[in-house]
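Spelled out from the first residue to the last, the chains are:
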Amino acid sequence: GFDTSNPQFTRRKFLREIFELIPTSEPQVNVVHLESPLNDNVHSRKRLARDTVEVMTFDFKEQLDDLLSDATLFGDLCNLVVNNDGSNPHKKWEPYNKQNGALYEALDGEWYQLYAKNQIQGSSKEFLIPIGLYIDASETVTYQRYSFQPLIMFPLILNCKARNRKSSSRVIALIPDLEARSSAFKKVSKNNDKTKGLSICNYHKCMDVALSSLKKY
């Protein structure tokens, strides 16, 4: 980690230390133009050049490859949600079948069972790795001076115990705090018909960019 309480902690230093914690290549910086009220017409919106934020994205495949190469996680079957059939070792790598109808893992859910059944037929050598996504609006530095929301991905073939390890996930995007305004400004904006819904709209624009690398594959 790093000491974010240091008053000399600048944005440049903060980003440099974040990148050092992520072992893959540097992210792509994407400029997102936010929408703002145009005039007194409640339904009018326009994009102003000054109303921009930067969303940083990491290559999804590169992050996933880096994660899958971690032998401490994927080299130990005790960490994986796979079939446990001692009589037929080849069944271990077939689509996972839930045990006893219980819901212990994410892959026990109906959505995975149906998708695996429809997509992988017979003795296919394909191996399905479902991906989970998580986003957290945690404070990253003191007073949220340079706050980001990390968009995190993790393979659901890791069991719950393994996913609780910090090493079991990777960051695929960093979204800036779009609500980094004073409480008074937020209160006025919330009660203003011209700005209602803008924060959600702009957040969705940022999320669309954040997921762009994942959608490529």
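The model shown is predicted, which means the values in this text are computed figures rather than measured ones.

Student: How would you sum up the overall build of the protein? Please name residues and give values.
Tutor: Each helix and strand counted, the protein has eight helices and five strands in total. Mapped from its N terminus to its C terminus, the protein presents α and β elements in the order α-β-β-α-α-α-β-β-α-β-α-α-α. Counting all 217 residues of the protein, 36% fall into the buried class. In the protein, 60% of the contacts between residues at least 6 apart in sequence involve partners at least 24 apart.

Student: Kindly report on the pairing of strand S4 (residues 148-155), identifying the contributing residues and their values.
Tutor: For S4, the tally of buried residues reaches eight of eight residues, placing the bulk of the element in the interior. Going residue by residue along S4, you find Phe148, Pro150, Ile152 and Phe154 tucked away on one face and Gln149, Leu151, Met153 and Pro155 tucked away on the opposite face as well. One ladder, built from five bridges, connects strand S3 (residues 131-135) with S4; its direction is antiparallel. Among the inter-strand pairings, Tyr134 is bridged to a residue of S4, identified as Ile152.

Student: Break down helix H4 (residues 110-119) for me, with residues and values.
Tutor: An α-helical segment advances 3.6 residues per turn. Residues three or four places apart therefore align on the same side. What H4 keeps buried is the set Tyr112, Gln113 and Ala116. One side of H4 holds all its buried residues, which, seen down the axis, span an arc of 100°. The outward face of H4, more than 90 degrees from its buried face, is lined by the exposed residues Glu110 and Asn118.

Student: Explain the confidence of the model for the protein residue by residue, including any values.
Tutor: For the protein, the mean per-residue pLDDT works out to 78, and 68% of the residues sit at or above 70. Within the protein, the lowest mean pLDDT, 53, falls on helix H6 (residues 183-190), and the highest, 95, falls on helix H3 (residues 71-74). A low-confidence stretch, residues 39-45 (pLDDT under 50), is modelled with 16 contacts involving residues beyond four sequence positions or located in other chains.

Student: Give me the environment of Ala162: which residues, what numbers.
Tutor: Summarising the element assignment, Ala162 is placed in helix H5 (residues 160-163). Taking the C-alpha atoms as reference points, Ala162 and Phe74, separated by 88 residues in sequence, lie 9.7 Å from one another. If near-sequence neighbours (up to four positions away) are discounted, Ala162 is found in contact with Leu73, Asn79 and Ser168.

Student: Please give an account of the packing of aromatic side chains that cites residues and values.
Tutor: Scanning all chains against the criterion turns up three aromatic pairs. With a centroid separation of 6.4 Å and an interplanar angle of 40°, the aromatic rings of Phe60 and Tyr217 are classed as tilted. Separated by 157 residues along the polypeptide, Phe60 in helix H2 (residues 60-68) and Tyr217 in the segment after helix H8 (212-216) bring together distant segments of the chain. For Phe60, a relative accessible area of 7% puts it in the buried group.

Student: Mind laying out the pattern of salt bridges, listing which residues take part and the relevant values?
Tutor: All chains considered together, the criterion is met by five salt bridges. Residues Asp208 and Lys215 are paired through a salt bridge, measuring 2.6 Å at the closest nitrogen-oxygen approach. Judged by its relative accessible area of 44%, Asp208 falls in the partly exposed class.

Student: Before we move on, can you summarise a nonpolar patch on the surface with the specific residues and values?
Tutor: A cluster of nonpolar side chains, contributed by Leu77, Trp93 and Phe127, occupies part of the molecular surface with about 290 Å² of accessible area. As for its placement among the helices and strands, Leu77 is situated in the loop between H3 and H4. When its relative accessible area of 41% is taken as the criterion, Leu77 is described as partly exposed.

Student: Any chance you could break down the pairing of strand S5 (residues 170-176) for me, citing the residues and the numbers?
Tutor: In terms of residue burial, S5 counts as a mostly covered element, since seven of its seven residues are buried. Note that S4 and S5 share six bridges and pair antiparallel. If you follow Ile152 over to S5, its bridge partner there is Val171.

Student: Quick rundown of helix H7 (residues 198-210)? Include the residues and the values.
Tutor: Between its first and last C-alpha atoms H7 spans 18 Å; for 13 residues at 1.5 Å apiece the expected length is 18 Å, and the two agree. Listed as buried for H7 are Leu198, Asn202, Lys205, Cys206, Met207, Val209 and Ala210.

What counts, and at which threshold
- Residues numbered from 1 in each chain as written.
- Predicted model: local features only at pLDDT ≥ 70, side-chain atom pairs only at ≥ 80, totals over all residues.
- Heavy atoms only, no water.
- Helix = DSSP H or I, 4+ residues; strand = E, 2+ residues; numbered from the N terminus.
- Buried < 20%, exposed > 50% of the residue type's maximum accessible area, 1.4 Å probe, protein only.
- Contact = heavy atoms within 4.5 Å.
- Pairing = 2+ DSSP bridges.
- Arc of directions from axis to C-beta.
- pLDDT = per-residue confidence, 0-100.
- Phe/Tyr/Trp six-rings, centres within 6.5 Å; stacked < 30°, edge-to-face > 60°.
- Salt bridge = Lys/Arg side-chain N within 4 Å of Asp/Glu carboxyl O.
- Patch = residues over 30% accessible without salt bridge, like charges linked within 9 Å, V, L, I, M, F, W, Y side chains within 5 Å.
- Areas by Shrake-Rupley, 256 points an atom, 1.4 Å probe, with all protein chains shown as cover.
- Expected span 1.5 Å × (residues − 1).

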